[in-house]
Each structure stands twice: as C-alpha cells, then as structure tokens.
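Working through the structure, step by step
Listed below, chain by chain, are the residues.
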Amino acid sequence: MFRLFLLTLFLFVSLEASSSTKLLERANSMMKSNTQSDTFRAYDDYKSLYLRSLVDNDSSLKLESLKGIVASGERLHIDVSKYSKELQKLQSQKSSYNKPESKDMKKTQNIEDMHVQPLHKLKSINWKDNRLLLEFNKELSSNQIEYFTLHNKSKGRYRYVFDIKTSMLTAAQSIKSNDIDRIKIAQFNPQTLRLVVDHTSEIEVEHRVDSNILDIALKLERVGTTLIPEKKVRDRDKIIVIDPGHGGKDPGAVGYRKYREKIVVMDVSKELQKILESRGYKVYMTRDRDKFIKLRERTKFANKKNANIFISIHANAIDGKNAKKVHGVECYFLSPSRSEKAKRVAALENSADISDMNIYGKDSYLNFLNHRNTVASNKLAIDLQRGMLGALGKKYSGVKDGGVREGPFWVLVGAQMPSVLVEVGFITHPTEARRLVDKNYLKTMALGLADGIERYFANN
Ligand SMILES: [Zn+2]
C-alpha cells in the first residue's frame, strides 16, 4: 500500500516535468505496438494520467485516460470494470450535454450521479511551534482521520501516516520543516488525502481534530545517552486474499478414504484466516463455504479487494501405484514453465474450469504474465514453503519438502499482486492424508504459512 503511495508521489513529480499531452501521446503510441510490455507501460501511463485528471479536474483528460485504461486493461485481462463504468457514465453525460432538448433529464441524472458527498477541501497548511495545522473548509470529524505508523528500524526510517477521508483532491506537495527529514501530502486515492511524516529517528506524534483543523503535534525524542527500550513495530497494514481451492460441484482431488480436497483446503484456509486476523491483517476469503467459484473470479476478487498478496490453497493427488509413495508440501507460482511435473500438477488444478481456457486462449495466456509479479511471487512462495516446513518439521516426522516450483496455473492468471498456489500435501498418501484431516496438523501448517507471510512482508 505504501509503495503505491510512493509510486503516486513519483508519478506526480515526473508528470510535472513532462506534460500530460506528451504522456498521453506516448501511451497511445505504445498501444499500437501490441506487445505485452508496451501495453503494460501504456496502462501505467493511463492510470497516472487519470489521477492527474482528477487532481486538475480536467474532464477531457479524464475521458482520454479512462478510454486508455479500459483498452489496455482489457488487452491485459486486468479487471477494469470500475473504470469502464465510469467511462460509460462520462460518455452518456457528454452526449446529453450535446442535446439541448434533454436538459431536464440531464439535471435529474446529475443529482443522482454525484452522490452528493461532503467534500473537505484543504485550505491551508501552517506550522505553529512544533505543531502542524491542516485547515479544511469545513468541520472534520475524528473518524475521518486514520492514523498509523510504518516503521523500518533496520533502514532507519520512521513513517507516520495520516489518511484523511473524503477530502477534495489536492496536488502533491512537500511541507518544509527544520527538524524533520520529510513531510509530504498527496492524494492517495480519489477519496483519501494522505500526509506522511518521514524521519530517521522516532518522533512523538499526537493529533486532534479541532473543528475544521487537524492539529498534529510533532516532538522529536531526545535520545541522549539513555537507551530507549525498543518497541517492536510491524507493518500490518496489508490485505491478504486466501483462496480455498475448488468447492461446490468441484470436489478437487478425492484421495485416501475418499477424503476430499475441497474440505481439507477450507479447513487450512480458515485456520490461516484466524491467525492472520489475530495478528492485525485484513483478510478476505474467495469462498467461506462449500461453493463453486470459477477460477477467473478468484483473482478478479483479489484485484477488486486491492490485495497485497493472493494465496490459493490446494492439496495434491497422484494415481494408483504411486499413491503410497508420493507425498510432500509444495508451493507454485505462475510462470510459463513446461516441466513435466509442473504440467501434470497444473493439468490437475486447471481441469475444474475449462471455460476459462477459452477466454485466455490455450497458449497465448502466458504472454500476459507480469514480470514484476513473477519475481515477487517467487519470493513469496519461498517464504511460504519455508514457513510450512519449519512449523511442521518441529512437530511431525517425515514431512517432505516438495520444493518451490513454477507452473502454468489458471487460478493465478490475472492476479495483479504476488500470488502463490500452495499444495498442502498429497491427499492420496495414507500418512499425509490422515494428517490433512487432523485439526492440529492443519493448525500447525496454518501457523507456518502465517509466519511465512510475515517474513515476506518484512523483507519486501
Ligand atoms: Zn486443487
């Protein structure tokens, strides 16, 4: 989330240098090349132009950037429904402007469309001693302010973040301070104004809302020679989507003693959800009961939730004479790998939802992979695998490391965040299957996965 903010800041800065028109031209010409990487670059450009149009209240730029987001996004199979809805609305408004006879209709439509929101406009920013005063055009309520910290002690960075909801769009700017390294304010998204105080040592921060003023007191702590006890601060401002595989009419693999994959993976997922929520993360499940969900809908859901990571949970299976031999836990991330092993597992997991294959085209879908996500997904897979093996190995004997692998899994296609498919074990193996229906085993596994997730967030 925070990285997104930095990116936004960066875009504002870079946009100031090159004009919006130039950027729009560049994006449009990249769309002509038709390669995946150029389309991605165009998509990024259109999105920053869109943000720019909101800040500048520039309706023609908004129209052009929305058109670009929808065209490039659809080509990349990214869920752009939100943007295309807005585009349609904008186009219908435009056409009604052109027809004078529909004036009355336009009026009523506009009132409905505007959702009349109590927008708060930032009027001024002032220092008063060591207090930063943000003055708005109308009264604030304290539940409009969300305050949190993002510390990274090893890098010597302390960040204090204020999100101000339903604020009117403001251009990004730095606030000067003699003592503090950096204070920046920028639009985080159309509904949120974000203020970040960034310093190399800890600051005492207090804030209060006084009518239309957000009053933030910033006191630098004097460290001197006395040691200040370390408070362990972790960044838990993350959204995690857990995807229990299969469900409903699709039982997944059916193994030893007819144990079903869809049940096992739901049990692990619920344990994992509980642990992550207790640690302060925001967790969403693609399904929380025995229900069929198309593969494509699963990543779409994660995209919609703006998830930081997507974890699809599965159990593996193998036929006949190998069933007593093959066991172990594995993590997969999406890549165009053609290894026999990866193909076999992928064929198993992909079979549930043939309809999606037609949408992506049998081979061409691999061209839509986002390279940045592949690298991050690989890292996430390593941390998850390590976490699982670490936790299980302490309590159970003979847990086999099946390794981190890459493979062409449909369920991971289209995810806009690092995503991993976890195979929690072979449901066809007598010992492993018995463990997979044992609550304590699943709890231990979930604990290992949660630790892996935390390690991933801590390092990335
Ligand atoms: Zn599965």
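For the structure given in this document, a descriptive report is provided here. These figures come from a predicted structure and were not determined experimentally.

The next point concerns the overall build of the chain. When helices and strands are counted, the chain shows 13 helices and 15 strands. The burial tally for the chain puts 48% of its 460 residues in the buried class. For the chain, long-range pairs separated by at least 24 residues make up 71% of all intrachain contacts whose partners lie at least 6 apart in sequence. Approximately 23,500 Å² of the chain is accessible, and the part contributed by carbon and sulfur atoms is 50%.

Turning next to the packing of aromatic side chains. Taken as a whole and assessed by the stated rule, the structure comprises seven aromatic pairs. Between the aromatic rings of Tyr147 and Phe162, the centroid separation amounts to 4.6 Å while the plane-to-plane angle is 25 degrees, which identifies the pairing as stacked. Here the residue Tyr147 occupies a position in strand E3 (residues 145–152), and Phe162 occupies one in strand E4 (residues 157–165), the gap between them amounting to 15 residues. What makes Tyr147 partly exposed here is its relative accessible area of 29%. What links up through ring pairs into an aromatic cluster is the set Tyr281, Tyr456 and Phe457. Its end group placed over the ring of Phe292, Lys249 keeps NZ or CZ at 4.3 Å from the ring centre. We note Lys305 situated over the ring of Tyr284; from NZ or CZ to the ring centre the distance is 4.5 Å.

This part covers helix H7 (residues 261–278). If you check H7, its first and last C-alpha atoms are 26 Å apart, about what 18 residues at 1.5 Å a residue would give, namely 26 Å. Inspection of H7 places Glu261, Lys262, Val264, Val265, Met266, Val268, Ser269, Glu271, Leu272, Ile275 and Leu276 among the buried residues, and these make up the whole buried set.

For the rest of this paragraph, the subject is the environment of Asp319. In this fold, Asp319 is placed in the loop between strand E12 (309–316) and strand E13 (329–334). Taking the relative accessible area as the measure of exposure, Asp319 reaches 67% and is therefore exposed. Asp319 sits 64 residues away from Gly255 along the chain, and the two C-alpha atoms are 9.0 Å apart.

Moving on, we get to the packing of H7 against helix H13 (residues 439–459). It is the contact of H7 with H13, at a shortest axis distance of 8 Å, that shows an interaxial angle of 50 degrees. Accordingly, the angle class assigned to the pair H7 and H13 is oblique. The handedness of the crossing between H7 and H13 is right-handed. Contacts from Val264, Asp267, Val268, Glu271, Leu272, Ile275 and Leu276 of H7 reach H13 at Lys439, Leu442, Lys443, Met445, Ala446, Leu447, Leu449, Ala450 and Ile453. Here the contact of H7 with H13 is built from residues that sort into twelve nonpolar, no polar and four charged.

On to the pairing of E3, then. For E3 and E4, the ladder comprises eight bridges, and the chain directions are antiparallel. Bridge pairing in E4 places Leu150 opposite Arg159. From the end of E3 to the start of E4, which pair antiparallel, there are four residues, and Gly156 there has a positive phi angle of about 65 degrees.

Adjacent strands of a sheet form backbone hydrogen bonds with each other and so pair up, either parallel or antiparallel. Overall, antiparallel pairing links the five strands, which are arranged E3-E4-E7-E6-E5 in an open sheet. With one partner strand each, in any of the chains shown, E3 and strand E5 (173–174) form the two edges of the open sheet. As judged from the seven bridges shared by strand E6 (residues 182–189) and strand E7 (residues 192–199), these two strands associate in the antiparallel manner. For Ile185, the partnering residue across the bridge sits in E7 and is Leu195.

As a further point, take the sheet that holds strand E11 (residues 282–285). An order of E11-E10-E12-E15-E13-E14 is seen for the six strands of this open sheet, with the pairing classed as mixed. In this open sheet, the two edge strands, each paired with only one partner strand, are E11 and strand E14 (401–407). For this sheet, the mean inter-axis angle between neighbouring strands, taken without regard to orientation, is 20 degrees. Note that strand E10 (residues 239–244) and E12 share five bridges and pair parallel. Bridging across to E12, Pro244 finds its partner in Ile313. Against the sheet, helix H8 (residues 295–304) makes contact with E10, E11 and E12, and its axis sits at roughly 165 degrees relative to E10, the strand it touches most.

The rules behind the values
Residues numbered from 1 in each chain as written. Predicted model: local features only at pLDDT ≥ 70, side-chain atom pairs only at ≥ 80, totals over all residues. Heavy atoms only, no water. Helix = DSSP H or I, 4+ residues; strand = E, 2+ residues; numbered from the N terminus. Buried < 20%, exposed > 50% of the residue type's maximum accessible area, 1.4 Å probe, protein only. Contact = heavy atoms within 4.5 Å. Areas by Shrake-Rupley, 256 points an atom, 1.4 Å probe, with all protein chains shown as cover. Phe/Tyr/Trp six-rings, centres within 6.5 Å; stacked < 30°, edge-to-face > 60°. Lys NZ or Arg CZ within 6 Å of the ring centre and 35° of its normal. Expected span 1.5 Å × (residues − 1). Axes fitted to C-alpha atoms, helices over the stretch in contact; angles between N-to-C directions. Parallel < 35°, antiparallel > 145°, perpendicular 65-115°, else oblique. Left-handed = near helix turned anticlockwise from the far one by under 90°. Nonpolar A, V, L, I, M, F, W, Y, C, P; charged D, E, K, R; others polar. Pairing = 2+ DSSP bridges.

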